[in-house]
Every structure is written in C-alpha cells, then in structure tokens.
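# Coordinate analysis (summary)
Below, each chain spelled out in residue letters.
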Amino acid sequence: MSILEGVMSKTVSPRVFGRASDVPAANLPPQAPSEHEFLGVKLANLTEKQVAMQIAARPVDAPFAYVVTPNAAHFNRLARLGDKRFNDAYEHAWLRLLDGQIPRALAKIFFGQSIPLATGSDVTLDLLHNHILPDDVVTVIASTEELRAGLKERFGLRNVALHVPPRGFVKDEKAFAACIDFVMAHPAQYVFFAVGAPQSEYLARAVFARGDAVGTGLCVGSGLLFATGLSRRAPPFFRRNGLEWFYRLMCNPLGHARRIFVESMPIFLIVLRARFGSDKVSGGKTPAPM
C-alpha cells in the first residue's frame, strides 16, 4: 500500500509554484522520503525547508495528500488515549513531521536517533515566505476570520477561501460535513487545517477519504496564527532549548497547564516503556506501527 502513489514526481520542477503541471497528476510516480520510526510513528527524514519544497513542487491538480506534525501531545494521544480515529488519520498521512524539541531529544537520548525537526509553524512560514504566490488560491479551515486579513496584510495573499466552523464542530455531523464540503468547493494547492488537534487531523483524513480532492492539506496547529501575528510565538531561545512549553505556560498558565502536564508530559512514560519494555511504566499501549 502506498498513499503517495500519483502524488509526487522527480520530474516536476519547483520552478513555478502554485501553477498546474504539464504532467497529468495520475501519471506521477510515488516518491517517499526516507523515514525514522519513533514510538511506532514513521517520521519523514526532512527539514522544514525540504518539506516546504516538496509541498510546493506538487502540481495544483495532484490528488489530495496531507501532512501531520506530531508533538508530545500527539504521541500521547496515539499511544495512550485509544483514539482510533486519530491513529487512522496518522496512518493515512503523506508526511509525518517531528514537531517538538522534547520528543527529538528523547529520541536521541534513549534510541540514538537524529530526527530532523520540522515544526508545523516553521513549515508554514517557509511556504508563506518562499513558495506561496500572491495569486495562489489558499483554502483555510480556522477558528477565526481574522486570519484572512492577516494573510493579506503580511503576505499579500489575494485569494484566501476561509471557513470558520462552530465550536465543537467535530461532534456535530452537519458542521463537520460543512468543513469538508467547503474544502471540496474551494480546490487549492494549499489547504490549511488550523483548528487544533485532533480536529485538524480528523478533517484532513475525511477530505482524503472523499477521493476526488486535490492539493496538500497542512495540519499545522497555531502555525498561521503565529505567522500572521495573531498569536505570539516563543522567542528563538526558548524554541532552541526545548522550552517553548515553559514560555506558553508563563504567558497563559490556566490555558496551557492541562496541555502541558496532562496531554504532553506522558511522553516521558511512553518513552521509558518503549525503551525498557515494561507495560507497568506507562500503563498504556504503544501506538501501532505506521
């Protein structure tokens, strides 16, 4: 099985980003990057710049494929929370990019793996600065209408199709379907799912399941909010030293306490269990290999 079939091609030049290729999408051979496997998740051996180039090189009419960016909270959801829907979304993703200095350090310390860091925020910035052209069509599913103005003002984007679903939309069949219908009605080379995890991943998987969508879906968390200045990203010092979580906790203790201590911290237990092979360490299950 290869979900990349008909998606990438070495013959497609990145010379004209956001333009249809002369090569029919159905004739494009698969091109999978090498991968590292960490905690049962296959992670692309690519930096953010390499990822952005591969995404931008895909033709406008390429079959829909999507990118996920696992961080500590994602590994916890995959390994311990029994979210089959989330696991399924990860299994069918085109690229899985390591997003987080803490998981990267744990992979190095406990398993001797040197996995490139390619955060959703950095990939988003690289695409916006270096690849997405002002006239390119961009589709966004987001939590705020302000993103449209931010993308226009900061990056000069003129064709942003944006849909803001209601709170709790993943539990509302009609609201969830409306998001999928919006993506289908606004085909674009770049489709940003900016409604947080696991909502973004659920949506990307559902669009992929439709079978006739095009473009690349990007589950990039707060990437667009950071890029447009609607949210403040941690300064470089904190990001380089794996302290972005601490910066966010300082800025918003109540808002981030649960995310850090309940949703993310269990990655240490998951790593210990994976390293030493004891079910008693984490009391959970390792994620199924992808």
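In case you missed it, the structure is sitting above this.
All values derive from a computational prediction rather than experimental measurement.

Attention now goes to the pairing of strand S8 (residues 216–219). Burial along S8 is two-sided: Thr 216 and Leu 218 facing one way and Gly 217 and Cys 219 facing the other are all buried. One ladder, built from three bridges, connects strand S3 (residues 65–68) with S8; its direction is parallel. Its bridge partner lying in S8, Ala 65 is registered against Thr 216. As paired elements, strand S7 (residues 190–194) and S8 share four bridges and run parallel to each other. Looking at S8, one finds that Val 191 is bridged to Gly 217.

A contiguous nonpolar surface patch, about 270 Å² in accessible area, is contributed by Trp 245, Phe 246 and Met 250. Its location among the elements puts Trp 245 in helix H11 (residues 244–251). Judged by its relative accessible area of 31%, Trp 245 falls in the partly exposed class.

Moving on, we come to the environment of Leu 272. On the secondary structure map, Leu 272 appears in helix H13 (residues 267–276). Along the backbone, Leu 272 and Phe 110 are 162 residues apart, and their C-alpha atoms lie at a distance of 8.3 Å.

Here Asn 71 shows up in the loop between S3 and helix H2 (72–80). In this structure Asn 71 comes out as buried when scored by relative accessible area, which is 14%. Look past the residues within four positions of Asn 71 in its chain and what remains in contact with it is Asp 99, Pro 103 and Arg 259.

This next bit is on the sheet that holds strand S5 (residues 137–142). Reading across from one edge, S4-S3-S8-S7-S5-S6 is the order of the six strands in this open sheet, with parallel pairing throughout. Two strands in the sheet have a free side with no partner beyond their single neighbour: strand S4 (95–96) and strand S6 (159–163). Sheet strands in contact with helix H8 (residues 199–210) are S3, S5, S7 and S8, and its direction is about 145° off that of S7.

Our focus in this paragraph is helix H1 (residues 48–57). Val 51, Ala 52, Gln 54, Ile 55, Ala 56 and Ala 57 are the residues of H1 that are buried. Its buried side turned inward, H1 meets S3, S4, helix H5 (120–130), S7 and S8.

Turning our eyes to something else, we now look at the pairing of strand S2 (residues 41–44). Bridge count for strand S1 (residues 35–38) against S2 is four bridges, and the pairing is antiparallel. Directly across from His 36, in S2, lies its bridge partner Leu 43. Hairpin geometry of S1 and S2 is characterised by an intervening segment of two residues between the two adjacent antiparallel strands and by a positive phi of about 55° at Leu 39.

The rules behind the values
Residues numbered from 1 in each chain as written. Predicted model: local features only at pLDDT ≥ 70, side-chain atom pairs only at ≥ 80, totals over all residues. Heavy atoms only, no water. Buried < 20%, exposed > 50% of the residue type's maximum accessible area, 1.4 Å probe, protein only. Helix = DSSP H or I, 4+ residues; strand = E, 2+ residues; numbered from the N terminus. Pairing = 2+ DSSP bridges. Patch = residues over 30% accessible without salt bridge, like charges linked within 9 Å, V, L, I, M, F, W, Y side chains within 5 Å. Areas by Shrake-Rupley, 256 points an atom, 1.4 Å probe, with all protein chains shown as cover. Salt bridge = Lys/Arg side-chain N within 4 Å of Asp/Glu carboxyl O. Contact = heavy atoms within 4.5 Å. Axes fitted to C-alpha atoms, helices over the stretch in contact; angles between N-to-C directions.

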